[in-house]
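Here is how the chains run, residue by residue.
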Amino acid sequence: MMRVLVTYGSKRGGTEGIARQVAEVLRTEGLDAEVLPPGDVVDVSAYDAVIVGGALYANRWYRTARHFVHRHVHELREMPVWFFSSGPLDDSAAEGLIEPTAQVRALMEQVHALGHMTFGGRLEANAKGFIARAMARQRAGDWRDAGHIHRWARSLAEELQPGREESPVPTETELH
Ligand SMILES: Cc1cc2nc3c(=O)[nH]c(=O)nc-3n(C[C@H](O)[C@H](O)[C@H](O)COP(=O)(O)O)c2cc1C
């Protein structure tokens, strides 16, 4: 069974939630997917593929995701790697493809990442931090789209195991 690492840089937990959902889908598709925060990853080369997600703060990935890529750049360059970012606090990610930010694109180039997806984000009404609190007064909510995440994760599973029989697409109710 192929081993896939899903790791994430998340300040307030929203991106971690996406990473967990991605891993769950990969498992349903027959892959051995493990979710770990970057600091807990011991040996990247123990995996056959890596997915790295980063929360966007001022157009940059949250630092733990950036640092993970810098720390493991040599190993990552030799294996299939995909990135995801999260995320806009509106419907824009679900409505169309949002390109990676300049900084994320530069990280992708360093490891020759095969692809990238931007998912909607989440900001809780009681978010801590001066700027986050001010933002939350204008736009608190959860724009993480389970269907969007599911479709992307399935497409990666298909790339990793071409020709494998796919599991049935879940209904909207099953996704929530
Ligand atoms: C101070 C601040 C700056 C943000 N900057 C961006 C940004 O540049 N681009 C974006 O798409 N989302 C931005 N967001 C939204 C976050 O990316 C979103 O809340 C995300 O889900 C946070 O992930 P986390 O819960 O894993 O930390 C920002 C949020 C805050 C609080």
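These numbers come from a predicted model, not from an experiment.

A.B. asks: I'd love a proper account of the side chain of Arg-66, names of residues and values included.
C.D. replies: The residue Arg-66 is located in helix H2 (residues 63-71) in this model. We note that Arg-66 is buried and unpaired, the nearest opposite charge coming from Glu-109 at a distance of 16 Å. One polar contact links the side chain of Arg-66 to the main-chain carbonyl oxygen of Trp-61, over a distance of 2.9 Å. If we ignore the near neighbours within four places in the chain, the residues touching Arg-66 are Arg-60, Trp-61, Gln-103 and Leu-107.

A.B. asks: How would you sum up the site of the ligand? Please name residues and give values.
C.D. replies: In the neighbourhood of the ligand, 20 residues make up the surrounding shell, with Ser-10, Thr-15, Leu-56, Tyr-57 and Arg-122 lying closest. Contacts to the ligand include Tyr-57, whose side-chain N or O atom sits 2.6 Å from an oxygen atom. Between Ser-86 and the ligand, the recorded distance is 3.3 Å, taken from a backbone N or O atom to an oxygen atom. Burial of the ligand by the surrounding chains reaches 87%, relative to a free accessible area of 640 Å². Because more than half of its atoms lie within 2 Å of the grid, the ligand is assigned to the largest pocket. For the shell around the ligand, the secondary structure elements donating two or more residues are helix H1 (14-28), strand E3 (49-57) and helix H6 (130-139).

A.B. asks: Tell me about the layout of surface pockets, and name the residues and values.
C.D. replies: Of the volumes computed, that of the largest pocket is approximately 510 Å³. The wall of the largest pocket is formed by 24 residues, among which Leu-56, Tyr-57, Ala-58, Leu-89 and Met-135 lie closest to the centre. Top contributing element to the lining of the largest pocket by residue count: H6, with four residues. Here the lining of the largest pocket is built from residues that sort into 11 nonpolar, nine polar and four charged.

A.B. asks: Please give an account of the UniProt feature "domain: Flavodoxin-like" (unreviewed entry) in the protein chain that cites residues and values.
C.D. replies: Under the feature "domain: Flavodoxin-like" (unreviewed entry), the UniProt entry names residues 4-157. With 42% helix and 24% strand, the stretch residues 4-157 has end C-alpha atoms that lie 10 Å from each other.

A.B. asks: Give me the packing of H2 against helix H5 (residues 102-111): which residues, what numbers.
C.D. replies: One can describe the packing of H2 onto H5 by two numbers: an axis separation of 10 Å at closest approach and a directional angle of 25°. When the interaxial angle is binned, H2 and H5 end up roughly parallel. Considering how the two elements wind past one another, H2 and H5 form a crossing that is left-handed. Facing Arg-66, Val-69 and His-70 of H2, the residues of H5 in contact are Gln-103, Leu-107, Gln-110 and Val-111. Tallied by class, residues from the contact of H2 with H5 come to three nonpolar, three polar and one charged.

A.B. asks: Describe a nonpolar patch on the surface, listing the residues and the values that go with them.
C.D. replies: A surface patch of nonpolar side chains, amounting to about 370 Å² of accessible area, comprises Phe-130, Ile-131 and Met-135. Its place among the elements puts Ile-131 in helix H6.

A.B. asks: Before we move on, can you summarise the pairing of E3 with the specific residues and values?
C.D. replies: For E3, the buried fraction is high: seven of the nine residues fall into the buried class. Relative to E3, strand E1 (residues 3-9) is paired through six bridges, and the arrangement is parallel. Within E3, the position partnered with Gly-9 by the bridge is Gly-54. Alignment of E3 against strand E5 (residues 81-86), held across six bridges, turns out to be parallel.

A.B. asks: Describe the side chain of His-148, with residues and values.
C.D. replies: Relative to the elements of secondary structure, His-148 occurs in helix H7 (residues 146-160). Look past the residues within four positions of His-148 in its chain and what remains in contact with it is Ala-93, Ala-94, Met-117, Thr-118 and Phe-119.

A.B. asks: Tell me about the environment of Glu-174, and name the residues and values.
C.D. replies: Tracing the chain through its elements places Glu-174 in helix H8 (residues 172-175). Distance from Glu-174 to Gly-54, taken between C-alpha atoms, is 26 Å for residues 120 residues apart in sequence.

What counts, and at which threshold
Residues numbered from 1 in each chain as written. Predicted model: local features only at pLDDT ≥ 70, side-chain atom pairs only at ≥ 80, totals over all residues. Heavy atoms only, no water. Helix = DSSP H or I, 4+ residues; strand = E, 2+ residues; numbered from the N terminus. Buried < 20%, exposed > 50% of the residue type's maximum accessible area, 1.4 Å probe, protein only. Lys, Arg positive; Asp, Glu negative; His and termini not counted. Salt bridge = Lys/Arg side-chain N within 4 Å of Asp/Glu carboxyl O. Polar contact = N/O pair within 3.5 Å; in protein donor to acceptor, adjacent residues only side chain to side chain. Contact = heavy atoms within 4.5 Å. Near = heavy atom within 4 Å. Areas by Shrake-Rupley, 256 points an atom, 1.4 Å probe, with all protein chains shown as cover. 1 Å grid on protein atoms, 1.4 Å probe; cavity = no way out; pocket = protein on both sides within 12 Å on 5 of 7 lines; lining within 4 Å. Sits in = over half its atoms within 2 Å of the grid points. Points joined across faces, edges and corners; volume = space filled by probe spheres on them. Nonpolar A, V, L, I, M, F, W, Y, C, P; charged D, E, K, R; others polar. UniProt positions renumbered as here; feature names shortened; annotations may be inferred. Axes fitted to C-alpha atoms, helices over the stretch in contact; angles between N-to-C directions. Parallel < 35°, antiparallel > 145°, perpendicular 65-115°, else oblique. Left-handed = near helix turned anticlockwise from the far one by under 90°. Patch = residues over 30% accessible without salt bridge, like charges linked within 9 Å, V, L, I, M, F, W, Y side chains within 5 Å. Pairing = 2+ DSSP bridges.

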